[in-house]
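Residue-level structure breakdown
One letter stands for each residue in the lines below.
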There are 2 protein chains.
Amino acid sequence: MARTSLAERQDIHNSEGPALCRACEARHRGICGALTPNQLVALSKHTARHAYGSDEELAATGDDVRRYANILSGVVKLTRLMADGRQQIVGLQFAPDFLGRPFKRQSDVSAEAATDVSVCSFPKSVIEGMIDQSPELGHRLHEQALKELDEARDWILTLGRKSATEKVASFLYLIASHVDPEHKAEDGPICFELPLKRADIADFLGLTIETVSRQITKLRKVGTIVVEHNRTVTVPDLRRLRECCEVDR
Amino acid sequence: MARTSLAERQDIHNSEGPALCRACEARHRGICGALTPNQLVALSKHTARHAYGSDEELAATGDDVRRYANILSGVVKLTRLMADGRQQIVGLQFAPDFLGRPFKRQSDVSAEAATDVSVCSFPKSVIEGMIDQSPELGHRLHEQALKELDEARDWILTLGRKSATEKVASFLYLIASHVDPEHKAEDGPICFELPLKRADIADFLGLTIETVSRQITKLRKVGTIVVEHNRTVTVPDLRRLRECCEVDR
DNA sequence: CGTCCTATTGAAATTCTTCAACACTCGTGG
DNA sequence: CCACGAGTGTTGAAGAATTTCAATAGGACG
């Protein structure tokens, strides 16, 4: 016991934070990167890790959500449901995104795991208390909201004005760019697993499963993508895929 | 001259802020409501009012925008344009919304006046300096970003999953609720001017002008709305209009 | 081996777009 | 005062894109 306690104190002193956090891959990139070691220690007293399987609900529509979370791994889909069952994915979140809607009790979107997901959650109240002491934290949350807003607006253009082929290409490009955020492999081939099944892709693109399937087949047949086992996609030339996102009339 | 100067000093002393701001209808609702009288005075030294006619551009895509603005009156459309000319409105902003994208030099959306618009603009640098001193200001900007994000996600559902009739009904409902934010007149009839012409409505809904026109005609013929002079809409029963936003299959 | 889940494919039906014609309003200038 | 054109909105008919309905196939799992 004494050893642990010493180690923890050392963590604080050498500005590395709690052991739990040091082992966290999202430690520097998520909102935690804005916290001081002391804040991290305080926060880590209230954190809990959770794992969810595909299609499991992290937070239901209308829930009085009292906790926020950081995504440690996996992809989370934010969905909206209409009374008659029509569904639309209104946002996708990847690690190390922050999950939650600050300053509001309820939300009309529900969060579901698209893949296997693990998160690190903590009570709203703790974070909200820290915002007042650490402007940097509030700033990061603000930044994330603005980033999500930019992404939502990109998606509005896609939903409103693109053809089915362009939509599917845009989705694949979105995933590809997320695998390779810096566009390093602009030339070389990229390979990735689709985090969404066809039904989810359809709900994301505002199409039917069948249309999605047909467009993927189409892209496959012209060689823009190679698909194995339905989920593994290889893009031989990213530029060619990007061209499919816009020019198709 | 001496009189003016005295009056200005009194403004400061009685905590009412500069005369310019006192006469401003957006004074308390926009971000200015988060400023101290001293900050308002400082800000007002750099503010300028501008007026724009319909379809005039407030800020072009890719502009290095150095100023923010508050909308004093009118409606602003945020649009995205594709290389081949396809256009999509990705957001609508009404008085007293804040206009601008904090923490980012360029934006890929352009802002255009949908109606006649007047704004009160000021340099980014002034506001950004004030954020550090006034957490309340940063908080308000954050709130507005989150509000816009919620709205964008509502719209994503509309674009992705609703039929043309539902889309047009949803648009009319959006405008109607904006005229009457508290839904006071849930029962009684509501009358308003459409701030957008048909082409803009089409760009907002991801439809063509013709389809919009046909759906309006359809809603008119079943008595859900009454239209005069193309732009003046009366909704006899808001509930009936709301029903059209979801149930139509 | 059967069942469930996921994905693909075909044919018919539907929705929305495109193309084309026309109507209305408003300002300008003969 | 009227003709003209530009800008805006409506309507019809044909065409294209997407959905719906239906059938099939493969993989995972008990």
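No experiment lies behind these values; they were computed from the predicted model shown. (Residues numbered from 1 in each chain as written. Chains lettered and ligands numbered in written order. Predicted model: local features only at pLDDT ≥ 70, side-chain atom pairs only at ≥ 80, totals over all residues. Heavy atoms only, no water.)

What follows covers the interface of chain B and chain A. Counting from both sides, the interface comprises 45 residues of chain B and, opposite them, 45 residues of chain A. The contact between chain B and chain A buries some 4100 Å² in all, and 58% of this surface belongs to carbon and sulfur atoms. Area buried by chain B at its contact with chain A is led by Arg86(B), Arg153(B) and Arg161(B), which between them contribute 19% of it. Joining chain B to chain A, the criterion identifies 10 salt bridges. Residues Arg161(A) and Asp203(B) are paired through a salt bridge, measuring 2.9 Å at the closest nitrogen-oxygen approach. Our enumeration of links across chain B and chain A arrives at 22 residue pairs in polar contact (both at pLDDT 80 or more). Within the residue set of the side of chain B that touches chain A, elements represented by two or more residues are strand E4 (75-81), strand E5 (87-94), helix H5 (135-161) and helix H7 (198-205) of chain B. Of the residues assigned to the side of chain B that touches chain A, the class counts are 18 nonpolar, 8 polar and 19 charged. (Contact = heavy atoms within 4.5 Å. Buried area = accessible area lost by both parts, 1.4 Å probe. Salt bridge = Lys/Arg side-chain N within 4 Å of Asp/Glu carboxyl O. Polar contact = N/O pair within 3.5 Å; in protein donor to acceptor, adjacent residues only side chain to side chain. Helix = DSSP H or I, 4+ residues; strand = E, 2+ residues; numbered from the N terminus. Nonpolar A, V, L, I, M, F, W, Y, C, P; charged D, E, K, R; others polar.)

Attention now moves to the sheet that holds strand E8 (residues 117-123) of chain A. Residues and elements named next belong to chain A. Here we have 4 strands laid out as an open sheet, ordered E1-E8-E3-E6, and antiparallel in their pairing. In this open sheet, the two strands that pair with only one neighbour each are strand E1 (48-52) and strand E6 (98-99). Here strand E3 (residues 67-73) pairs with E8 via 6 bridges, running antiparallel. Paired with isoleucine 71 across the two strands is valine 119, which belongs to E8. Contacting E3 and E8, helix H4 (residues 124-133) crosses the sheet at an angle of about 65° to E8. (Pairing = 2+ DSSP bridges. Axes fitted to C-alpha atoms, helices over the stretch in contact; angles between N-to-C directions.)

This part covers the protein's contact with DNA strand D. Taken together, 16 residues are adjacent to DNA strand D, and Ala164(A), Thr211(A), Arg198(B), Ser213(B) and Thr217(B) come closest. Considering the 4 Å shell around the protein, atoms of DNA strand D inside it are sugar or phosphate in 65% of instances. Between a phosphate oxygen of DNA strand D and a side-chain N or O atom of Lys197(B), the distance comes to 3.2 Å. Residue assignment for the surface near DNA strand D shows that the elements contributing at least two residues are helix H8 (209-221) of chain A together with helix H8 (209-221) of chain B. A total of 4 residues in the surface near DNA strand D trace back to one element, the largest contributor, which is H8(B). Residue composition of the surface near DNA strand D, grouped by class: 2 nonpolar, 7 polar and 7 charged. (Near = heavy atom within 4 Å.)

The next thing to look at is the relation of the copies chain B and chain A. You can overlay chain B on chain A at an RMSD of 0.1 Å; the transform is a turn of 180° with a shift of 0.0 Å along its axis. Accordingly, the operation relating the two chain copies is best matched by a two-fold axis. When you check the interface residues of chain B against chain A, 100% turn up at the interface there too, and the contact is symmetric in its surfaces. (Least-squares fit on C-alpha atoms with pLDDT ≥ 70 in both.)

Residues and elements named next belong to chain B. Pairing is antiparallel across the open sheet formed by 4 strands, whose spatial order is E1-E8-E3-E6. Edge positions in the sheet fall to strand E1 (48-52) and strand E6 (98-99), since each has one partner strand and no second. In this sheet, E6 lies alongside strand E3 (residues 67-73) in antiparallel orientation, the contact comprising 2 bridges. By the bridge assignment for E6, asparagine 70 is matched with phenylalanine 98.

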